[in-house]
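Close look at the chain arrangement
So the chains spell out like this:
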Amino acid sequence: MSSGATGQRHELHRPIAIYYEHADWFRPLFERLDQSGVAWKKIDARNHQYHAASSEEEFSLLFNRMSPSAWQRGLGHCIFYTLNYLAHLEAKGVRVVNGFRGFAHEISKAQQLTNLEKLRLPYPKARVINHVSQALGAAEAIGYPVVIKPNIGGSGAGIEKFSSTEALRAAVDENRLYFGIDSTALVQEAFTPRDGVITRVEVLGGKYLYAIKIHTSGESFNLCPADICQSTKGEELTRIACAADAPRTGMTVEGYEPPIQVIEEAERIMALAGVEVGGIEYVTDDRTGRQLYYDVNALSNFVADPVRVIGFDPYARLADFLIQEAIRQEALVEEAGGEEKTIASGARR
């Protein structure tokens, strides 16, 4: 457990828990929590277990930071385990930020498509398949070029683009399509971002926090904002939330204020998915001029050097959100406990 030596001291009866598997990504949040003076603890998902009969009263709130890309780091076993753990916590009445429903959407691009369809929002044409033998038929129905992406991805993992039947048939014949750890994949219309720009909208507490425009080369599907090392002005950005040896992406970034309609749509997407902290990506397709939503992220790494890019520190706001939610949850628990005691004492009369 950690508690900060500086900053305002926040009184919590039980610590805030941060459940995670990639420590480098969350160093800025850990530092802000230390500075706040709040009691908190780390829960490492990599080698974790729980007792089904446990009352789970050791912390006031748990913030789920499990990543769907964990399978790339040899930690695929943590992903489905996390679903069970979150369901257990919520059944015990624990306040979980980015809980079971949010994480279930994080690890299912198929569910994300269903949500976008339900909300009647535009997205790239797609088919969900569960066997490589279905890839060619799905691609023909959609029309080339297409991308094939694992249902459980993360950081652009496993996504491959095909511009012709011949190229896709060769991949099928060579058995080199990878559908990921749940054997499910999307065959999706490939789009070309107009001017190479992808827009990412971040939410905190389900409400709009900020947006950025990412200027890409079109050569990578990995758009982690924390990896971007340059602003559009050519300024070098300090990447505080990624590993020291993380590759430079060649992308640039700038702060952006999206239209109010986009903000409202992003909040609607997150509300339906149950995601309180995360990001949504969309593009304007250069060929059709359509605005397309294509990715929902419940694990969101904030943009590199945020004060320079967007004008404020989102990690500080995230820490404050978690602290206020924990205080609120403890007050609710205390109030419920008081009511139970009153009822119990009345029953004895």
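Residues numbered from 1 in each chain as written. Predicted model: local features only at pLDDT ≥ 70, side-chain atom pairs only at ≥ 80, totals over all residues. Heavy atoms only, no water.

For soluble globular proteins, the rule of thumb is that nonpolar side chains tend to be buried together. Membership of the largest hydrophobic core comes to 35 residues, with the highest contact counts inside it found for Ile-16, Ile-18, Phe-63, Leu-318 and Leu-322. For this core, the secondary-structure elements that each account for two or more residues are strand S1 (16-20), helix H1 (27-36), strand S3 (61-65), strand S10 (207-215), helix H8 (306-310) and helix H9 (314-348). Examining the composition of this core, we find that seven residues originate from one element, H9, more than from any other. (Core = buried A, V, L, I, M, F, W, Y, C linked by side-chain atoms within 4.5 Å. Buried < 20%, exposed > 50% of the residue type's maximum accessible area, 1.4 Å probe, protein only. Helix = DSSP H or I, 4+ residues; strand = E, 2+ residues; numbered from the N terminus.)

Moving on, we get to the packing of aromatic side chains. Any pair of aromatic rings gets described here by the distance separating the centres and the angle formed by the planes. Evaluation of the coordinates by the stated rule reveals 13 aromatic pairs. Plain terms: the ring middles of Tyr-20 and Phe-30 are 5.5 Å apart, the flat faces sit at 75° to each other, and that makes the pair edge-to-face. Of the two residues, Tyr-20 is situated in strand S1 and Phe-30 in helix H1; the sequence distance between them amounts to 10 residues. With respect to class, Tyr-20 is no different from Phe-30; both count as buried. An angle of 85° between the planes, with centres 6.3 Å apart, marks the rings of Trp-25 and Phe-26 as edge-to-face. Across this residue pair, the class does not change: Trp-25 and Phe-26 are buried. Through successive ring pairs, a cluster of aromatic residues spans Tyr-20, Trp-25, Phe-26, Phe-30 and Trp-40. The ring of Phe-312 carries Arg-317 above its face, with NZ or CZ at 3.8 Å from the centroid. (Phe/Tyr/Trp six-rings, centres within 6.5 Å; stacked < 30°, edge-to-face > 60°. Lys NZ or Arg CZ within 6 Å of the ring centre and 35° of its normal.)

Position of Ser-67 relative to the elements: it lies in the loop between S3 and helix H2 (77-91). Note on Ser-67: relative accessible area 4%, which makes it buried. Looking at Ser-67, its side chain comes within polar contact range of the side chain of Ser-69, at 2.8 Å. Not counting residues within four places of it along the chain, the set of residues in contact with Ser-67 comprises Glu-21, Trp-25, Arg-73, Ile-79 and Leu-299. (Polar contact = N/O pair within 3.5 Å; in protein donor to acceptor, adjacent residues only side chain to side chain. Contact = heavy atoms within 4.5 Å.)

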